[in-house]
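Observations on chain architecture
Next come the chains, spelled out residue by residue.
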Amino acid sequence: MAHNLLQGKKGIIFGALDANSIAWKIAERCVEQGAQIVLTNAPIAMRMGEIKKLAEACNAPIIPADVTSNDDINNLITKSMEHFGGKIDFILHSVGMSMNIRKGRNYMDLDYDFNHKTNDISATSLHRLLQTCYKLDALNEWGSVVALTYIAAQRVFPDYGEMADAKSLLESIARSFGYHYGKKNKVRVNTISQSPTRTTAGSGVKGFDGFISYAEKMSPLGNATADQCADYAVTLFSDLTKMVTMQNLFHDGGFSFTGVSAEVIEQMEK
Ligand SMILES: NC(=O)c1ccc[n+]([C@@H]2O[C@H](COP(=O)([O-])OP(=O)(O)OC[C@H]3O[C@@H](n4cnc5c(N)ncnc54)[C@H](O)[C@@H]3O)[C@@H](O)[C@H]2O)c1
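Described in the following lines is the structure provided in the data block. Nothing here was measured: the structure is a model prediction, and the numbers come from that model.

Below, the discussion takes up the overall build of the protein chain. Along the protein chain, the regular secondary structure elements total eleven helices and six strands. Taking the principal axes of its C-alpha atoms as reference, the protein chain extends roughly 60 × 45 × 40 Å. Considering the protein chain as a whole, with its 270 residues, one finds that 44% of them fall into the buried category. Put simply, 73% of the contacts in the protein chain that link residues at least 6 apart link residues at least 24 apart.

And the structure:
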């Protein structure tokens with residue numbers, strides 16, 4: 001379904017690891033809609049090789065960058081501008097990793113070095129990215145930056161652990177930087193709060209299968225898929241949503257505003 005919503009636009013997509021990644025679908029959809037893109041991921045993700053397939057399909061260069069490195073982000077933005085021959089119109093931040101969850105440590109037993117790394121990768125990286133773009137004047141007027149988040153930033157999901165705090169910080173950075181970038185260049189910054197989705201990062205959460213079917217039962221429209229998230233992201237990168245900024249936008253089939261559903265009550269009565 002090509003409408004050329006992003007015709008002539010140039011963007012950077014962070015976080016496509018494999019075909020399940022939300023960023024993978026968003027990259028494909030942006031290109032379908034007429035955008036030119038640069039792909040980036042952590043140097044370690046390059047070794048898995050999957051991203052090269054996406055790069056070929058999207059006719060996009062890959063510029064590796066660890067989101068915790070100022071030098072890498074600076075290099076990525078500078079090289080992307082060289083590649084495009086000008087400024088950038090949109091950026092997707094689709095990056096998250098919990099060191100404590102990965103090491104099997106729950107919220108009451110955090111290792112603070114791991115915690116620091118988690119916040120750096122999953123939240124502060126959005127600030128680093130925005131600050132780098134701001135200082136290099138890398139984004140066109142009415143540019144759009146979108147980061148992916150989860151409702152654990154607002155409500156407790158016990159097994160989401162320290163990532164809940166990281167997502168709260170991420171959403172706060174989108175608001176705070178959104179103010180300053182809006183004032184300076186009319187650049188908008190938003191977060192999409194996506195339904196649980198089967199990906200490498202998602203499946204790292206304990207009890208993910210139960211979690212995903214609970215959300216499915218609680219959402220009047222069902223869980224939003226990665227493909228549907230890609231459609232939504234395209235609208236936010238397009239000129240059809242120019243006045244939307246500093247928002248956390250729920251893309252979850254209605255989950256966030258449902259107190260309880262008939263299906264969940266039925267289950268409880270069994
Ligand atoms: N899957 C879900 O259920 C779900 C729900 C809501 C929000 N999200 C968010 O969506 C985003 C994308 O996750 P996904 O589910 O597609 O999983 P994914 O594992 O495919 O993507 C996570 C990406 O982060 C990258 N990354 C990790 N450390 C990095 C670093 N230091 N530098 C650069 N990149 C790094 C990984 O290489 C990977 O590509 C994350 O922010 C995640 O929290 C996921």
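This part covers the sheet that holds strand β1 (residues 10–14). Ordered by their spatial adjacency, six strands build an open sheet running β2-β1-β3-β4-β5-β6, and the pairing between neighbours is parallel. The open sheet is flanked by β2 (36–40) and β6 (248–251), the only strands paired with a single partner. The sheet shows a mean angle of 20° between the axes of neighbouring strands, taken without regard to direction. One ladder, built from five bridges, connects strand β3 (residues 88–93) with strand β4 (residues 139–149); its direction is parallel. Each bridged residue has a counterpart across the sheet, and for F90 the counterpart in β4 is S144. Packed onto the sheet, helix α4 (residues 70–84) meets β1, β2 and β3 and runs at close to 155° relative to β2.

Moving on to the site of the ligand. Around the ligand, 26 residues are found, and the nearest of them are S21, G96, T199, A201 and G202. In terms of residue count, helix α8 (residues 200–203) provides more of the shell around the ligand than any other element does, three residues in total. Of the residues that constitute the shell around the ligand, the class distribution is 13 nonpolar, twelve polar and one charged.

Time to look at the packing of helix α1 (residues 22–32) against helix α10 (residues 226–237). Where α1 contacts α10, the two axes come as close as 8 Å, and the packing angle between them is 50°. When the axis of α1 is compared with that of α10, the two are oblique. The chirality of how α1 crosses α10 is right-handed. Across the interface between the two elements, I22, K25, I26, R29 and C30 of α1 pack against A226, D227, C229, A230, D231, A233, V234 and F237 of α10.

It is worth spelling out the environment of H93 at this point. Within the element layout of this structure, H93 appears in strand β3. H93 gets classed as buried once you count the C-beta atoms within 10 Å, which come to 27. For the pair H93 and T191, spaced 98 residues apart in the sequence, the C-alpha separation amounts to 9.1 Å. Among all residues touching H93, those that are not within four sequence positions of it are F14, L126, L129, V145 and A147.

The biggest cluster of nonpolar side chains holds 69 residues, and the ones touching the most others in it are I13, A27, C30, I37 and A233. A per-element tally of this core places helix α7 (residues 163–185) first, with eight residues. Beyond its immediate stretch of four places on either side in the chain, A233 contacts I26, L92, V146 and I192.

Turning our eyes to something else, we now look at the packing of α4 against helix α6 (residues 112–136). When two helices pack together, their arrangement is captured by the angle between the axes and the distance separating the axes. Running from amino to carboxyl end, α4 crosses α6 at an angle of 50°, the nearest separation of the two axes being 10 Å. As summarised for this structure, α4 and α6 are arranged oblique, according to the angle between their axes. Remark: the crossing between α4 and α6 carries right-handed chirality. For the pair α4 and α6, contact is made by N70, I73, N74, I77 and T78 and by R128, L129, T132, C133 and L136, respectively. Across the contact of α4 with α6, the residue classes tally to five nonpolar, four polar and one charged.

How each quantity is defined
Residues numbered from 1 in each chain as written. Predicted model: local features only at pLDDT ≥ 70, side-chain atom pairs only at ≥ 80, totals over all residues. Helix = DSSP H or I, 4+ residues; strand = E, 2+ residues; numbered from the N terminus. Buried ≥ 20, exposed ≤ 12 C-beta atoms within 10 Å, placed from the backbone. Contact = placed C-beta atoms within 7 Å. Pairing = 2+ DSSP bridges. Axes fitted to C-alpha atoms, helices over the stretch in contact; angles between N-to-C directions. Near = placed C-beta within 6 Å. Nonpolar A, V, L, I, M, F, W, Y, C, P; charged D, E, K, R; others polar. Parallel < 35°, antiparallel > 145°, perpendicular 65-115°, else oblique. Left-handed = near helix turned anticlockwise from the far one by under 90°. Core = buried A, V, L, I, M, F, W, Y, C linked by C-beta atoms within 7 Å.

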